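The chain contents come next:
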Amino acid sequence: MTQSKYIKEIAKYGLENDQDRLLHALNELIDHSKKTRKTNFALQLQSLLKDSIRQQSSTGLAIHGSKKHISQEEDREINEFILEKLTSDYSFDNLVCTDNIKEELDYFVQEHRRIEILQEFNLPVSNKLLFHGPSGCGKTLAAYVLAGELNKLMIVINLGAIVSSKLGETSKNLSKIFKRAATEDCIIFLDEFDSLGKVRDFSQDHGEMKRVVNTILQLFDYLPQDNIIIAATNHADMIDTALMRRFDLQVNLELPDETHIKEIINKTLSNGIFEFDNKRNLSKIIKACQGLSYYTIQKSLITTIKRSLLSITADQKSKKPKIDTTLWISLIEKEQA
Ligand SMILES: Nc1ncnc2c1ncn2[C@@H]1O[C@H](COP(=O)(O)OP(=O)(O)OP(=O)(O)O)[C@@H](O)[C@H]1O
Ligand SMILES: [Mg+2]
C-alpha cells in the first residue's frame, strides 16, 4: 500500500472515531515508513503514538491532583534535564576509527538488530557502552552513528544540570529520567559522564556520591534489554571503578595516526570540489597533524578552504578551487603551538 492510502485510512477511522482501526492503520504506516527508509517520520509518528497512549492512560477522572496533572508536572521537571531528543542519519561511513573498534561497534549493532535470536536462547544483550578518549575524537559522533545505524531515538541527558541543580537530589532525578526513558524504545546518551564525579566535590553530604553510584548501578541492572545506554567521557580515570565494570563495552577513541589523518582529510574532501595547490606538501601536512584531534584537523582544513576561496580573484573563478597548502600548514602549526 502507498503512504497516501494509509493516510486516507487514518483520516477515515479518525473521523469515524474507530480507535482500534485507527491505531492499526497508524502502526502500519509506521512500519511502512521504516521499510521505505523514512526513519525520521516513522520515529516522530511512533513518539506521537506513545505520548497519546501515555496521556490516555492517565486521563481517567478529572479530579484535582489527577494523574494527568502529576505526569505533566514531572515531564516539565524531566525536560529540564534533557538536552535534546534526536534521530540521526549518521552511519559507520561517517566515523574514522580502527578496524578493531569498527568491528566491536558493528557487533553491538548486530546484537540489537537481531535481538530476538539472543533472547530466544536467553543470552544477555550488550546494551551499556562507554566511549572514552580525548576531546574531538568522535565520542559524540559515534553515539550519533549508533543511533543512525539502529534507527533509534536518542535522548541526550544533561548530566551537568542533574548533578549541579539540587545537590542531594541527584539520585532521585536520575531515577526519574531512567524510568521515563525506559518507556521509549531509545538510546539514552549520557554525555560528559564524568560530571557525576563532581557530586563528590560539591556535596557536603559524604553519602551522596555513594547513593548516586548505587542508583546508577541499580538503574543499569533494571534497564530493559532493548534500551541502550551510551556514556561518554574524556576522563575515564575519574569514573568509579564499580561503575566502569558495569559497561558491556568500553571503547577508547584515540587521536588519529597517519592513516586516520589521511582518512579524515579524504572524508572531508569527499565531494571532490576542491583540490590541493601542491600535493607534495601533503606528507608534511600529515606529519604536522600528529597529536591533533580529528576535530582540529577538520576545522583547520575547512578554515583553509574558506580562506583560499576568499582569496580567489575574478579571473581565476572558472577553475576548480585550490586549497592553499602553505596556509594550511601555518594554521596547523598554530594549533600545535
Ligand atoms: N573519529 C572521527 N571520525 C570522523 N570525524 C570525526 C571524528 N572525531 C571527530 N570528528 C569530527 O569532529 C567533530 C566533533 O567530534 P565529537 O563531538 O564527536 O568529539 P568528542 O570526542 O565528543 O569531543 P568532546 O570530548 O569535546 O565532547 C565531529 O562532528 C566530526 O566532524
Ligand atoms: Mg562529545
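As a reminder, the structure under discussion sits directly above these lines.
Residues numbered from 1 in each chain as written. Chains lettered and ligands numbered in written order. Predicted model: local features only at pLDDT ≥ 70, side-chain atom pairs only at ≥ 80, totals over all residues.

Visitor: What is the right way to read the overall build of the chain from this model?
Guide: Each helix and strand counted, the chain has 16 helices and 8 strands in total. Looking at the chain residue by residue over its 337 residues, the buried ones come to 23%. Partitioning the contacts of the chain with sequence separation of at least 6, the portion at a separation of at least 24 is 79%. (Helix = DSSP H or I, 4+ residues; strand = E, 2+ residues; numbered from the N terminus. Buried ≥ 20, exposed ≤ 12 C-beta atoms within 10 Å, placed from the backbone. Contact = placed C-beta atoms within 7 Å.)

Visitor: Sorry, what's going on with the environment of V109 here?
Guide: Mapped onto the fold, V109 is located in helix α5 (residues 99-113). Spatially, the C-alpha atoms of V109 and A147 are 9.5 Å apart, while their sequence positions differ by 38 residues. Not counting the four nearest positions on each side in its chain, V109 is found in contact with L146, E149 and L150.

Visitor: Would you mind going over the packing of α5 against helix α7 (residues 139-150) with me for this structure?
Guide: Each pair of packed helices can be described by the angle between their axes along with the distance between the axes. Following both chains from N to C, one finds α5 and α7 inclined at 35 degrees, their axes separated by 10 Å at the closest point. Handedness of the α5/α7 crossing: right-handed. In this structure, α5 contributes L105, V109 and H112 to the contact, and α7 contributes L146, E149 and L150. For the contact of α5 with α7, the per-class residue count stands at 4 nonpolar, 1 polar and 1 charged. (Axes fitted to C-alpha atoms, helices over the stretch in contact; angles between N-to-C directions. Left-handed = near helix turned anticlockwise from the far one by under 90°. Nonpolar A, V, L, I, M, F, W, Y, C, P; charged D, E, K, R; others polar.)

Visitor: Is there a simple way to think about the environment of K334 in this case?
Guide: By the element assignment, K334 lies in helix α16 (residues 325-336). For K334 and S300, which are 34 residues apart along the polypeptide, the C-alpha to C-alpha distance reads 9.8 Å.

Visitor: Would you mind showing me how to read the nonpolar core here?
Guide: One recurring pattern in soluble globular proteins: nonpolar side chains tend to sit buried together. Counting 61 residues, the largest nonpolar core has A143, F189 and I230 as its most contacted members. Per element, the largest residue contribution to this core is 6 residues, and it comes from α7. The contact partners of F189, leaving out residues within four places of it in the chain, are A143, M154, I155, V156, I157 and I230. (Core = buried A, V, L, I, M, F, W, Y, C linked by C-beta atoms within 7 Å.)

Visitor: Would you take a moment to explain α7 for this structure?
Guide: The α-helix advances 3.6 residues per turn, and as a result positions three or four apart in sequence lie on the same side. Counted at 1.5 Å a residue, the expected span for α7 with its 12 residues is 16 Å, and the 17 Å between its end C-alpha atoms agrees. Positioned one or two residues after α7, N151 has a phi angle of 50 degrees, which is positive. (Expected span 1.5 Å × (residues − 1).)

Visitor: When you look at the site of ligand 1 in this model, what are you seeing that I'm missing?
Guide: Surrounding ligand 1, one finds 16 residues, the nearest of these being S135, G138, T140, L141 and Y294. Elements represented by at least two residues in the shell around ligand 1 include exactly α7 and α15 (294-310). In terms of residue class, the shell around ligand 1 is made up of 9 nonpolar, 6 polar and 1 charged. When residues are assigned to domains, the shell around ligand 1 turns out to be shared by domain 2 (79-252) and domain 3 (258-336), each giving three or more. (Near = placed C-beta within 6 Å. Domains from an automatic or database assignment.)

Visitor: Got a minute to help me understand the sheet that holds strand β6 (residues 249-252) in this structure?
Guide: In any sheet, the strands associate via hydrogen bonds between backbone groups, in a parallel or an antiparallel arrangement. If you trace the 6 strands from one edge of the open sheet to the other, you get β1-β3-β4-β5-β2-β6, paired in mixed fashion. Edge strands, defined here as strands with exactly one partner in the open sheet, are β1 (82-86) and β6. Strand after strand, the sheet turns through a mean of 20 degrees between neighbouring axes, direction not considered. Of the strand pairs in this sheet, strand β2 (residues 128-132) and strand β5 (residues 228-233) are connected by 5 bridges, and their pairing is parallel. In the strand pairing of β5, K128 is matched with I229. Sitting on the sheet, α7 touches β2, β3 (153-157), β4 (186-190) and β5, and the angle it makes with β5 is about 165 degrees. (Pairing = 2+ DSSP bridges.)

Visitor: What am I meant to see in unusual backbone geometry here?
Guide: With glycine set apart, most residues show a phi of negative sign, and most peptide bonds adopt trans. Here the phi dihedral of N122 falls at roughly 60 degrees; this positive angle occurs in a residue that is not glycine. Residue position: N122 is located in the loop between α6 (115-120) and β2. For N122, a count of 6 C-beta atoms within 10 Å puts it in the exposed group. Even without being glycine, E192 reaches a positive phi, approximately 50 degrees. For E192, the position within the fold is in the loop between β4 and α10 (198-202). Look at E192 and you get partly exposed, because 19 C-beta atoms sit within 10 Å.

What is shown is where atoms sit, not what they do.
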